[in-house]
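Breakdown of the fold
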Amino acid sequence: MKRAIVFIIIVMVTFHLLASVSKVTRINSQRLRLIVYDPLNANREREVVTFGIPFPKGVLFSTDNVRVVNSKDTVIPAQFKVLSKWPDGSVMWLLVNFLYTNGEEYFIEYGEVTYIPPKGIEVWEEDERIIVRNSALRAIVFKNGSMSIYADLNHDNVEEIVIKRVLSVVIDENGHEYFSTLGVEKVLVEEKGPLKATVLIKGTHKSLNNESSLNFTMRITFYYNEMFFKITYTQENNLPCLNDGSGQPDCLRFGRPNSLKFKDLSLKIVLADRVDVWFLPLDSDVGNSVSDSTLVESLNSNVLVYQDSSGGEDWNRWPGVTFKGYKVFVDSHEKHIGRRFEG
Ligand SMILES: [Ca+2]
């Protein structure tokens, strides 16, 4: 199975006018060369690269007139979003996603070019659910925030259920449980394009007695032709920060009013079948130059990931932390120390 990692890239672009020598006539079109820096220098095949790019005033008025091509002038599947515009309505900042394979050269062309995006992902919304389908999987996100995934894993042209349910559970100090699926406030399609589509779920964890705990935001992103998907999951405490009586905020230290304490937080992905191995993406060890890697273990092992502090430069700025970053324990043995656990 392909690794579900969307890597971080830095894209440098160089502007130059399109040379007159070309297989395709491009009157008044311009071309930018894209250079993708991959710090891991990994083998990348058709992975989504995302970046923003600024345009001069008055040169691009529609995402129909921009496209990504390779050195053979083949148009590459891409997705564009206008982030801001100049006063004359032309594009100032454009968000670009395209499918990148390392070793290829890529260019952005704009001006008198046309781009017809592929029909990569279908998304439709019904009263009780949102359905997302690409060539590899079908996902149903219910309006209560749960999700099921179907795919044809054994290639007999009949799809099977692969994931039965996705939810998060908070356990408070007294052992009471709060479920994301009981307190969903919003389920919507946040982004829908040929390369990726994102469903947003927001809500509050609630107990069976309708008591509330942490707030959450979950984004589930599906990709063109890919069986993997990405869950971005954020916990929030949306209770207000109170005034300490002298005009200063009284929420900077743990335990102050409207702090939320909990003993455990789990993101539960209920699979239809048992699996034999799992893997964790790991970032560099603190204090040495070991590069990013993956930890693969059997499902019989017991895994604990403990993020004690932010892992950044200011990791010990507030009291209550004991070390920089996170540790991974397998069967109670410490296996790894990193900065920020990526899930
Ligand atoms: Ca099947």
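Rules of the game
Residues numbered from 1 in each chain as written. Predicted model: local features only at pLDDT ≥ 70, side-chain atom pairs only at ≥ 80, totals over all residues. Helix = DSSP H or I, 4+ residues; strand = E, 2+ residues; numbered from the N terminus. Buried ≥ 20, exposed ≤ 12 C-beta atoms within 10 Å, placed from the backbone. Contact = placed C-beta atoms within 7 Å. Pairing = 2+ DSSP bridges. Axes fitted to C-alpha atoms, helices over the stretch in contact; angles between N-to-C directions. pLDDT = per-residue confidence, 0-100.

The next point concerns the overall build of the protein chain. If you tally the helices and strands in the protein chain, you get 0 helices and 24 strands. Counting over 343 residues, the protein chain shows a buried share of 21%. In the protein chain, of all internal contacts separated by at least 6 residues, the share reaching a separation of at least 24 is 53%.

Strand-to-strand pairing in sheets goes through backbone hydrogen bonds, with the strands running parallel or antiparallel. In space, the 3 strands of this open sheet follow the order 22-23-24, with antiparallel pairing throughout. The open sheet is flanked by strand 22 (303-307) and strand 24 (333-338), the only strands paired with a single partner. Going across the sheet, the axis of each strand differs from the next one's by a mean of 20°, ignoring polarity. Looking at chain direction, strand 22 and strand 23 (residues 326-330) are connected through 5 bridges and run antiparallel.

Strand order in the open sheet formed by 3 strands is 3-7-6, with antiparallel pairing between adjacent strands. Single-partner strands in this sheet number two, and they are strand 3 (47-54) and strand 6 (78-85). Within this sheet the neighbouring strands show an average axis-to-axis angle of 15°, counted without direction. In this structure, strand 3 lies alongside strand 7 (residues 91-100), joined through 8 bridges in antiparallel fashion. Looking across to strand 7, one finds that Gly 52 is bridged to Leu 95.

Moving on: the confidence of the model for the protein chain. Scored by pLDDT, the protein chain comes out at a mean of 85, with 89% of its residues at no less than 70. Within the protein chain, strand 1 (residues 10-17) has the poorest average pLDDT of any element, 36, and strand 10 (residues 129-133) the best, 96. For the stretch residues 1-26, pLDDT sits under 50, and the model shows 38 contacts to residues farther than four places along the chain or on other chains.

What follows concerns the pairing of strand 7. For strand 7, a buried count of 7 out of 10 residues is recorded, marking the element as mostly surrounded by other parts of the structure. Relative to strand 7, strand 6 runs antiparallel, the two sharing 7 bridges. Residue pairing across strands places Lys 81 opposite Leu 95, the latter belonging to strand 7. Counting the residues in the hairpin turn of strand 6 and strand 7 gives 5 residues, including Gly 89, whose phi is positive at 90°.

Along the polypeptide, Asn 65 turns up in the loop between strand 3 and strand 4 (66-70). Separated by 46 residues in sequence, Asn 65 and Gly 111 place their C-alpha atoms 5.7 Å apart. Apart from the residues within four sequence positions on either side, Asn 65 is in contact with Leu 60, Tyr 110, Gly 111, Val 113 and Thr 114.

With that settled, consider the pairing of strand 16 (residues 196-206). In this structure, strand 15 (residues 184-192) lies alongside strand 16, joined through 7 bridges in antiparallel fashion. Residue pairing in the sheet places Glu 191 in a bridge with Thr 198 of strand 16. Linking strand 15 back to strand 16 in an antiparallel pair, the connection comprises 3 residues. When strand 16 meets strand 17 (residues 212-223), the two strands line up antiparallel, connected through 10 bridges. For Lys 196, the partnering residue across the bridge sits in strand 17 and is Tyr 223.

Now for the environment of Ser 266. One can find Ser 266 in strand 19 (residues 264-271). When the C-alpha positions of Ser 266 and Val 169 are compared, they lie 5.2 Å apart, and in sequence the two are 97 residues distant. Aside from chain neighbours lying at most four places away, what touches Ser 266 is Ser 168 and Val 169.

Within the chain, Asn 210 stands out as a residue other than glycine whose phi angle is a positive 70°. Mapped onto the secondary structure, Asn 210 falls in the loop between strand 16 and strand 17. Although it is not a glycine, Asn 258 sits at a positive phi angle of roughly 70°. Turning to its location among the elements, Asn 258 is positioned in the loop between strand 18 (229-236) and strand 19. By the C-beta count within 10 Å, which is 12 here, Asn 258 ends up exposed.

Here we come to the environment of Val 96. Of note, Val 96 is situated in strand 7. Note on Val 96: 21 C-beta atoms within 10 Å, which makes it buried. In this structure, the C-alpha to C-alpha distance between Val 96 and Ile 108, residues 12 residues apart in sequence, is 9.5 Å.

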